[in-house]
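Each chain, written out:
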Amino acid sequence: MAESFEVSMAGEEKYYIPDPSYKEQAWTKDYGRAYKEFLADKEGFWERQAHHLEWFKKWDKVLEWNYPYAKWFVNAKLNITYNCLDRHVANHRRNKVALIWRGEEGEERIFTYKKLYHEVCRFANGLKKLGVVKGDRVCIYMPLVPEQVIAMLACARIGAVHSVVFGGFGVNALNMRINDAEAKIVITADVTIRRGKTIPLKTIVEEAIINAPSVEKVVVLSREVDQPVELHKEMEIDYYELMEGVPAECKPEVMDAEDPLFILYTSGSTGTPKGIVHTCGGYMVGTYYTTLNVFDLKDTDVYWCTADTGWITGHSYVVYGPFCVGATVVLAEAVPDYPDAGSYWKIIQDLGITIFYTAPTAIRMFMRVGDEWPDKYDLSSLRILGSVGEPLNPEAFEWYYRAIGKDRCPVVDTWWQTETGMQMITTMVGEPMRPGFAGKAIPGVVADVVDKQGTPVAPGNGGFLVIREPWPAMLRTVYKNDERYRTYWHTIPDCYTAGDLAVKGKDGNIMIIGRADDIIIMAGHNIGTAEVESALVSHQAVAEAAVIGKPDPLKGNLIKAFVILRVGFQPSEKLKSDLIYHVRMTIGPIAMPSEIEFMDKLPKTRSGKIMRRVLKAKEMGIDPGDVSTLEE
Ligand code: WTA
């Protein structure tokens, strides 16, 4: 990692001030005061949030902190689905719409809280029939359909630990995740639908479980769009058959606050992904509090987060946070440009969306196709806009604010990670927004920008983004690899290192620059350079490979691979496309390199480590910085 750096910021300091009514109506009316209250009594702050939720037994202690291990709500008992479902079914929200699903062609399925509750209970009973018990791992590899959400909640209902794998991952990536978690059950669907085409999912599962000894059964949802799927009777069970004859009630398993709720894999700087472990109690409190306060969510809101449930954003802000709050959630199996660039705006108009949460890469795509698309639709229902996943550059902020928010809606640019479980930095609704800056640590979080030694950088300077205090939704460990967990807390003394570079403005706002490590954020997805490199090297023609993120105005970064061929193989365009296809099949379409360059040699340190930094500097035509460790 480099030392901290100075930054020169071009342009005026520009703020956008929302209408005062936002502040007057907000759950957090005064950011400054709320933050001070938090600092005065940190555990008391989180305890107050926890009291809004229902517990089978309350905690003996709010926090037990043995650096770097935290236990939140010690000895408390709960079930998160009780808060997501039972709590609402028991009150005025019983017949409130919990979930509206939209398909690409505009098909709709609607679940009230009561209906969702029964569906979750039934599927939970189905899982029990398969012998799934508390603590078992269940892998969910599904398209963005209500059954995916139901499967997650059903696992949580009976205390099984879900590991959702995004449907865009390929055979090897899925196999690796199933094996690492030792999943007993895989839940999948016959196909996923994208841009009018059906893409098989089950066939990928079939291959991925060949070398996965832990898997006992595969549950298959048939979407009945193509031919009915053939099931292999010994191993596969139909989703609906599994639920036949089971009761529509299922008692929630009593979970300890520190029992695991789920594992979610994220890219790391080695070839193997990290299984981030989140637990029941703290995660529930963290996602509940942020959903309510960061989106300022009211009972009348119609909330749409465009993320797939396969990512942390989907876990925290499609499923657990919004349902804990009792929101009406929209789930759309939609892409931004199909059937045309108005698809998102049509959904907003049709469903009267009030809170819209998406990613900068989508915003930049919309910006490029122009105002004529959003202008065709009535977007007046919108109240609050959100962004997540990568830096929202000032141009994209301004376009989003003007063309979508009509100079009216606050934009919450939320910084957080799979590891943090919940949103950590943003500009709270009603506060002045500064384009390019995510904002400040929310009440409940202590963030800072520091140098390598952990010393805060002077305002106006850049360094490493860190979190100084434990927070309830923090990861508890990396599954079966606690050493990788400890690294987060031991890279820079006395704090959690996020792995991002950031700049602290003189006004206290934080601007996120990008990753400081070997992770590429492409179109909001985290991709480890090492994972792509090992996929390339597994091709017979490749001797060595190095992968970098190449800045791209639309996707943030593109993947560029430098490849050394084995003796006997010749560079060719055909080989380039073979290699790209190979990565697609190994990791999945999300990790496909867009450029491949054949090399005779890669820049390396004397100890043999590839210096990707040098490749990147060369690619971008900039100074590579310190190259004293370079081999020659
Ligand atoms: C990046 C997604 C700038 C960052 C929730 C982080 C962001 C990584 C923002 C985590 C933001 C996320 N501004 N960068 N608002 N939000 N990031 O685990 O580099 O998929 O470390 O979690 O995305 O990605 P992850």
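Note that this is a predicted model, so its numbers are computed, not measured. (Residues numbered from 1 in each chain as written. Predicted model: local features only at pLDDT ≥ 70, side-chain atom pairs only at ≥ 80, totals over all residues. Heavy atoms only, no water.)

> I tried to follow the overall build of the chain on my own but got confused; where do I start?
When helices and strands are counted, the chain shows 19 helices and 33 strands. Over its C-alpha atoms the chain spans a radius of gyration of 24 Å, differing by no more than 12% from the 26 Å that the globule rule assigns to 632 residues. For the chain, the proportion of its 632 residues judged to be buried stands at 61%. Carbon and sulfur atoms make up 52% of the accessible area of the chain, which amounts to about 24,500 Å² in all. Charge centroids of the chain, computed over 72 positive and 84 negative side chains, lie 2 Å from each other. (Helix = DSSP H or I, 4+ residues; strand = E, 2+ residues; numbered from the N terminus. Rg over C-alpha atoms; globule rule 2.2 N^0.38 Å. Buried < 20%, exposed > 50% of the residue type's maximum accessible area, 1.4 Å probe, protein only. Areas by Shrake-Rupley, 256 points an atom, 1.4 Å probe, with all protein chains shown as cover. Lys, Arg positive; Asp, Glu negative; His and termini not counted. Charge placed at Lys NZ, Arg CZ, Asp CG, Glu CD.)

> Is there a simple way to think about the sheet that holds strand β33 (residues 595-599) in this case?
Read from one edge of the open sheet, 3 strands run β31-β32-β33, paired in mixed fashion. The open sheet terminates on both sides in strands that have one partner only, identified here as β31 (542-552) and β33. Pairs of neighbouring strands in the sheet enclose a mean axial angle of 25 degrees, with direction left out of account. Summarising the sheet, strand β32 (residues 556-565) and β33 pair through 5 bridges and their orientation is parallel. Within the sheet, the bridge partner assigned to Val-563 lies in β33 and is Phe-598. Across the sheet, helix α19 (residues 612-620) lies against β31, β32 and β33, angled at about 55 degrees from β31, the strand it touches most. (Pairing = 2+ DSSP bridges. Axes fitted to C-alpha atoms, helices over the stretch in contact; angles between N-to-C directions. Contact = heavy atoms within 4.5 Å.)

> How should the site of the ligand be read in this particular structure?
The local shell around the ligand holds 17 residues, among which Asp-413, Thr-414, Thr-418, Asp-500 and Arg-515 are the closest. Measuring from a nitrogen atom of the ligand, one finds a side-chain N or O atom of Asp-413 at 2.7 Å. Between the ligand and the protein, one listed contact pairs a nitrogen atom with a backbone N or O atom of Thr-414 at 2.7 Å. Only α11 (312-325), β21 (411-414) and β28 (510-515) provide two or more residues apiece to the shell around the ligand. (Near = heavy atom within 4 Å. Polar contact = N/O pair within 3.5 Å; in protein donor to acceptor, adjacent residues only side chain to side chain.)

> How do you make sense of the domain arrangement of the chain when you look at a structure like this?
When the parts of a complex come together, some accessible area is lost, and that lost area is often used as the size of the interface. We note that the domain assignment places domain 1 (5-78 + 262-267 + 275-515), domain 2 (107-253) and domain 3 (523-620) within the chain. Summarising the inter-unit geometry, the C-alpha centres of domain 1 and domain 2 are found 28 Å apart. Listed as interface residues are 27 residues of domain 1 and, on the opposing side, 32 residues of domain 2. Between domain 1 and domain 2, the buried area comes to about 2,600 Å², and carbon and sulfur atoms account for 60% of it. In this structure, the connection of domain 1 to domain 2 is made through 3 salt bridges. Ionic pairing is found between Arg-195 and Asp-337, a salt bridge with its closest N-O pair at 2.8 Å. Where domain 1 touches domain 2, the interface holds 12 residue pairs in polar contact (both at pLDDT 80 or more). Elements supplying a minimum of two residues to the side of domain 1 that touches domain 2: β15 (260-266), α11 and β18 (328-332). The element best represented in the side of domain 1 that touches domain 2 is α11, accounting for 5 residues. (Domains from an automatic or database assignment. Buried area = accessible area lost by both parts, 1.4 Å probe. Salt bridge = Lys/Arg side-chain N within 4 Å of Asp/Glu carboxyl O.)

> Would you take a moment to explain the pairing of strand β27 (residues 496-504) for this structure?
Regular strands place their side chains on alternate faces of the sheet. In terms of residue burial, β27 counts as a mostly covered element, since 8 of its 9 residues are buried. Sheet analysis places strand β25 (residues 461-467) next to β27, joined by 5 bridges and oriented antiparallel. The residue bridging Val-466 from the neighbouring strand is Thr-497, located in β27. The pairing of β27 with β28 spans 5 bridges and is antiparallel.

> Sorry if this is basic, but what is going on with the packing of helix α17 (residues 529-537) against helix α18 (residues 573-586) here?
The relative placement of two packed helices is expressed as an angle between their axes plus a distance between the axes. At a closest axis distance of 9 Å, the pairing of α17 and α18 adopts a crossing angle of 115 degrees. Note that α17 runs across α18; the crossing there is right-handed. Mapping the contact onto sequence places Val-532, Ala-535 and Leu-536 in α17 and Leu-579, His-582, Val-583 and Thr-586 in α18. Broken down by class, the residue content of the contact of α17 with α18 amounts to 5 nonpolar, 2 polar and no charged. (Left-handed = near helix turned anticlockwise from the far one by under 90°. Nonpolar A, V, L, I, M, F, W, Y, C, P; charged D, E, K, R; others polar.)

> How should the pairing of β21 be read in this particular structure?
Side chains of β21 alternate between two faces, with Val-411 and Asp-413 and Val-412 and Thr-414 buried alike. Pairing analysis gives 4 bridges linking strand β20 (residues 384-388) to β21, with the strands arranged parallel. Residue Leu-385 lies in a different strand from β21, and its bridge partner there is Val-411. Following the chain from β20 across helix α15 (residues 394-404) to the adjacent parallel β21, one finds a crossover that is right-handed. (Right-handed = clockwise from strand over helix to strand, strands pointing away.)

> Mind showing me how you'd approach the nonpolar core here?
A general tendency of soluble globular proteins is for nonpolar side chains to be buried together. Within the largest apolar cluster, 162 residues are counted, with the highest numbers of intra-cluster contacts made by Phe-123, Tyr-320, Phe-323 and Trp-345. With 9 residues, helix α6 (residues 146-158) is the largest single contributor of residues to this core. If we ignore the near neighbours within four places in the chain, the residues touching Trp-345 are Phe-356, Phe-366, Trp-373, Pro-374, Tyr-377, Leu-379, Trp-399 and Ile-404. Counting residues in each nonpolar core, the second largest holds 43 residues, with Phe-166, Ala-183, Val-205 and Val-563 among its members. (Core = buried A, V, L, I, M, F, W, Y, C linked by side-chain atoms within 4.5 Å.)

> Explain the packing of aromatic side chains to me, please; I cannot follow it from the model alone.
Aromatic ring pairs: the centre-centre distance and the angle between the two ring planes describe each pair. Going through the model one piece at a time under the given rule, you end up with 42 aromatic pairs. Pairing Tyr-31 with Tyr-35 gives two aromatic rings, centres 5.7 Å apart and planes at 35 degrees, and the pair type is tilted. Placement of both Tyr-31 and Tyr-35 in helix α2 (residues 31-40) is noted, with a separation of 4 residues, approximately one turn of the helix. Given a relative accessible area of 14%, Tyr-35 falls into the buried group. Where Tyr-488 meets Tyr-496, the ring centres are 5.4 Å apart and the plane angle is 10 degrees; that geometry is what we call stacked. Owing to a relative accessible area of 0%, Tyr-496 belongs among the buried residues under this scheme. Each member of the aromatic cluster is reached from another via a ring pair, and the members are Tyr-31, Tyr-35, Phe-38, Phe-45, Trp-46 and Tyr-289. Stacked on the ring of Phe-111, the Lys or Arg Lys-115 has its end atom at 4.8 Å from the ring centre. (Phe/Tyr/Trp six-rings, centres within 6.5 Å; stacked < 30°, edge-to-face > 60°. Lys NZ or Arg CZ within 6 Å of the ring centre and 35° of its normal.)

> Whenever I open this one, α6 confuses me. Can you help?
Think of an α-helix as 3.6 residues a turn; residues three or four steps apart then line up on the same face. An ideal rise of 1.5 Å per residue puts 18 Å on 13 residues; α6 measures up with 19 Å between its terminal C-alpha atoms. Among the residues trailing α6, Gly-159 stands out with phi positive, at a value near 80 degrees. (Expected span 1.5 Å × (residues − 1).)

> Would you take a moment to explain the sheet that holds β21 for this structure?
The strands making up a sheet are joined through hydrogen bonds of the backbone, oriented either antiparallel or parallel. Read across the open sheet, the 7 strands follow the order β6-β5-β18-β17-β19-β20-β21; overall the sheet is mixed. On the outer flanks of this sheet lie β6 (108-112) and β21, each paired with one strand and no other. Strand-to-strand twist in this sheet, taken as the mean axis angle between neighbours without regard to direction, amounts to 15 degrees. Across the sheet, α6 lies against β5 (97-102), β6 and β18, angled at about 30 degrees from β6, the strand it touches most.

> I would appreciate a short explanation of helix α13 (residues 360-369) in the present structure.
Extensive coverage of α13 is indicated by the burial of 7 of its 10 residues. All buried positions along α13 are accounted for by Pro-360, Thr-361, Ala-362, Ile-363, Arg-364, Met-365 and Phe-366. Residues of α13 that are buried sit in contact with α12 (343-351), β19 (355-358), β20, α15 and β32. Remark: Gly-370 follows α13 within two positions and exhibits a positive phi of approximately 105 degrees.

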